[in-house]
Amino acid sequence: MAERALFDRFLSCHICSETFRDPVSLSCNHSFCSNCLQEFWEKTGNKNCPICKRSSKEDPSINFSLKELADSFTEKLKGASTERGKEKKKEKEVVCEKHSEVPYWFCEDEQRAVCPVCEFSLHQSHKVVPIEQAVSELKEQLKSDLKSLQDKRNKHEQVAKTYDDVIQHSKKQVLSTERQIRAEFNKLHQFLREEEESRLAALREEEEQKRKTIMREMKRFEDQISSLSDSISAVEEELQKDNVSFLRSYEATQSRARGQRSLPDPQLVSGALIDVAKHLGNLSFRVWEKMKVKVKFSPVVLDPNTASGRLHLSDDLTNVRHGDKELQLPDNPERNTKYWNVFGSEGFSSGKHSWDVEVGDHPQWAVGLAKESVDRKRERYPTSESGIWCLLHRDGKYSNGVGDTLRVKKSLQRIRVQLDYDMGKVSFYDSEDMTLIYIHRDTFTEKLFPYFNVSPAGVAKTSDLKICQATFLFKKS
């Protein structure tokens, strides 16, 4: 090691700090690599010694003794350092083979590392910084990019998880919906079966009544036929008697015969046949009319895909209440997650529409309409600016959603919501006497959906808000 240090000291060029290659000596006896000295002079524009700064008037001459010694030393170390050199090269990538140990620069104009010795004159007008500084800044940028990529991946993973939740929830929806469809059709089938049996029973009853009527008539005719037969036999016997006997019984026989003759001619009773028209005429329509009494129509059907996890809907999607348990639902785009809201399944973009909502003594609720693009994920108040036109009930008071308290004569049990889209009006009435509560006026530019917000019912008797068909005609105001 001492030997090598000694040779490194005396056989190294002061410009490139490496073992001499084609060494030349100046008149001041300082030696340098031939190429290193020429490049140095070209950069400085003079022929001064890089060490002592003396001017060299003569061209440098090759120092053959020093060259032979340097070549021998280089050859000696070459074998021993080949593997180590390879490993070192793997570990550290050099920019300049001549000046591998000097601190490199980073040229921001050309976006690359440069050697300050070899490329000094090429980058005098460029913006260069120490390579460590450049690497640090670039790594910070790359870390920022990495953070963005990680965030982007997390968002994709979250969406993928939501899709998985949607798939699992959809399976549950299919099973639940199939069960309810079957239940509803079983009710309809049961009704139709009962109606079928009822109408077949009515047919059989009519047939029995008609049969009894005909049998009574036939019995009466049989009695009359028997009586007539007896009279005919009596007359025939009278006609066979001798004269004296004939004259003796003639009058009685004739009186009996003439009494039978005065009887009215037999007539068939009308309506003896089955009244087929009564049983078959408009049969499907009459069954359908009767079925309408058994089924109900709701002007608004709640959309479970928009319901907050705290809201529980009835099987027929017409009742909603605030539940104690948070339902595990996918965070699909339609769902309300910030507030306890649910929307109707059908939106309106024209015309007049109305429906009733039974609220009873429920302490906290809001009903009205919301535009399709309303923000369902972040905080916003139910105002027209946020796209909601509603009537609110909180702490025993009624308000219009924009901070104005409304005066009502009595506690409202049933609310009429009316929309006149084309006239830009959302009206609220007391359904019991159609007293106007409030009118929102606005210009609607997109589809509006029925809107419901339901808080915990507490000790109130009414826990569900129930949607009902409006019983009155649309009232102009």
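Draft legend 1. The arrangement of the pairing of strand 12 (residues 388–394) in detail. The buried fraction of strand 12 is high, at 6 of 7 residues. Taken together, the 6 bridges between strand 11 (residues 365–371) and strand 12 define a ladder with antiparallel strand orientation. Following the sheet pairing, Gly368 is matched in strand 12 by Cys390. Sheet analysis places strand 12 next to strand 13 (residues 397–399), joined by 3 bridges and oriented antiparallel. Note on strand 13: the bridge partner recorded for His393 is Tyr398. Counting the residues in the hairpin turn of strand 12 and strand 13 gives 2 residues, including Asp395, whose phi is positive at 55 degrees.

Draft legend 2. Region of interest: the pattern of salt bridges. Under the definition given, this model contains 24 salt bridges. Here Glu184 ties to Lys187 by a salt bridge, and the two come within 3.7 Å at their closest N and O atoms. Of this pair, Glu184 and Lys187 both sit in helix 4 (residues 131–240), 3 residues apart, which is roughly one turn of that helix. With relative accessibility at 44%, the residue Glu184 sits in the partly exposed group. For Lys187, a relative accessible area of 56% translates into the label exposed. Among the ionic pairs, Asp430 bridges to Lys410, the shortest N-O distance being 3.8 Å. Of the two residues, Asp430 sits in strand 16 (residues 425–430) while Lys410 sits in the loop between strand 14 (405–406) and strand 15 (414–420), which places them 20 residues apart along the sequence. For Asp430, a relative accessible area of 3% translates into the label buried. Using a relative accessible area of 37% as the deciding quantity, one classes Lys410 as partly exposed.

Draft legend 3. Examining the nonpolar core more closely. Val367, Ile415 and Phe452 are the most contacted members of the largest nonpolar core, which totals 31 residues. Contributing elements (two or more residues each) for this core: strand 10 (352–358), strand 11, strand 12, strand 15, strand 16, strand 18 (448–454) and strand 19 (464–468). Discounting chain neighbours no more than four positions away, the residues touching Ile415 are Trp355, Asp356, Val357, Val359, Trp365, Val367, Leu391, Phe428, Tyr429, Ser431 and Ile437. Membership of the second largest hydrophobic core comes to 17 residues, among which are Phe20, Cys33, Leu37 and Trp41.

Draft legend 4. Spatial organisation of the environment of Arg416. Residue position: Arg416 is located in strand 15. For Arg416, a relative accessible area of 0% translates into the label buried. Through-space distance from the C-alpha of Arg416 to that of Asp356 is 4.5 Å; in sequence the pair is 60 residues apart.

Draft legend 5. Looking closely at the sheet that holds strand 3 (residues 61–62). Strands sit in the order 2-1-3 across an open sheet of 3 strands; the sheet is antiparallel. In this open sheet, the two strands that pair with only one neighbour each are strand 2 (31–33) and strand 3. With 3 bridges connecting them, strand 1 (residues 23–25) and strand 2 associate as antiparallel partners. Each bridged residue has a counterpart across the sheet, and for Ser25 the counterpart in strand 2 is Ser31. Here helix 2 (residues 34–44) sits on the sheet and contacts strand 1 and strand 2; the angle it forms with strand 2, its principal contact strand, is near 90 degrees.

Draft legend 6. Molecular detail of helix 5 (residues 243–261). At Ser249, helix 5 shows its maximal bend, which comes to roughly 50 degrees. Burial in helix 5 covers these residues: Ser249, Thr253, Ala257 and Gln260. Contact partners of the buried residues in helix 5: helix 4.

Draft legend 7. Region of interest: the confidence of the model for the protein. This prediction gives the protein a mean pLDDT of 86; 89% of its residues lie at or above 70. Taken together, the stretch residues 473–477 has pLDDT below 50 and engages in 14 contacts with residues farther than four places along the chain or on a different chain.

Draft legend 8. Broad picture of the sheet that holds strand 4 (residues 105–107). Strand order in the open sheet made by the 3 strands is 5-4-6, with antiparallel pairing throughout. Here the strands that pair on one side only, and so sit at the sheet edges, are strand 5 (112–114) and strand 6 (128–130). Ignoring which end each strand starts from, the neighbouring axes of this sheet average 40 degrees apart. Two strands pair when backbone bridges link them, and strand 4 and strand 6 are joined in this way by 3 bridges, in the antiparallel orientation. Across the sheet, Cys107 pairs through a bridge with Val128, a residue of strand 6. Across the face of the sheet, helix 4 comes into contact with strand 4, strand 5 and strand 6 while running at roughly 90 degrees to strand 6.

Draft legend 9. Quick look at the packing of aromatic side chains. Within this structure, the stated rule accounts for 7 aromatic pairs. Judged by centre distance (6.1 Å) and plane angle (50 degrees), the rings of Phe343 and Tyr451 are tilted. Of this pair, Phe343 sits in strand 9 (residues 341–343) while Tyr451 sits in strand 18, and the two are 108 residues apart along the sequence. Neither Phe343 nor Tyr451 differs from the other in exposure class; each is buried. Pairing Trp389 with Phe444 gives two aromatic rings, centres 5.2 Å apart and planes at 80 degrees, and the pair type is edge-to-face. Of this pair, Trp389 sits in strand 12 while Phe444 sits in the loop between strand 17 (435–441) and strand 18, placing them 55 residues apart in sequence. Taken together, the aromatic side chains of Trp389, Tyr421 and Phe444 make up a single cluster linked through ring pairs.

About the cut-offs
- Residues numbered from 1 in each chain as written.
- Predicted model: local features only at pLDDT ≥ 70, side-chain atom pairs only at ≥ 80, totals over all residues.
- Heavy atoms only, no water.
- Buried < 20%, exposed > 50% of the residue type's maximum accessible area, 1.4 Å probe, protein only.
- Helix = DSSP H or I, 4+ residues; strand = E, 2+ residues; numbered from the N terminus.
- Pairing = 2+ DSSP bridges.
- Salt bridge = Lys/Arg side-chain N within 4 Å of Asp/Glu carboxyl O.
- Core = buried A, V, L, I, M, F, W, Y, C linked by side-chain atoms within 4.5 Å.
- Contact = heavy atoms within 4.5 Å.
- Axes fitted to C-alpha atoms, helices over the stretch in contact; angles between N-to-C directions.
- Bend = angle between axes of the 7 residues up to and from the residue.
- pLDDT = per-residue confidence, 0-100.
- Phe/Tyr/Trp six-rings, centres within 6.5 Å; stacked < 30°, edge-to-face > 60°.

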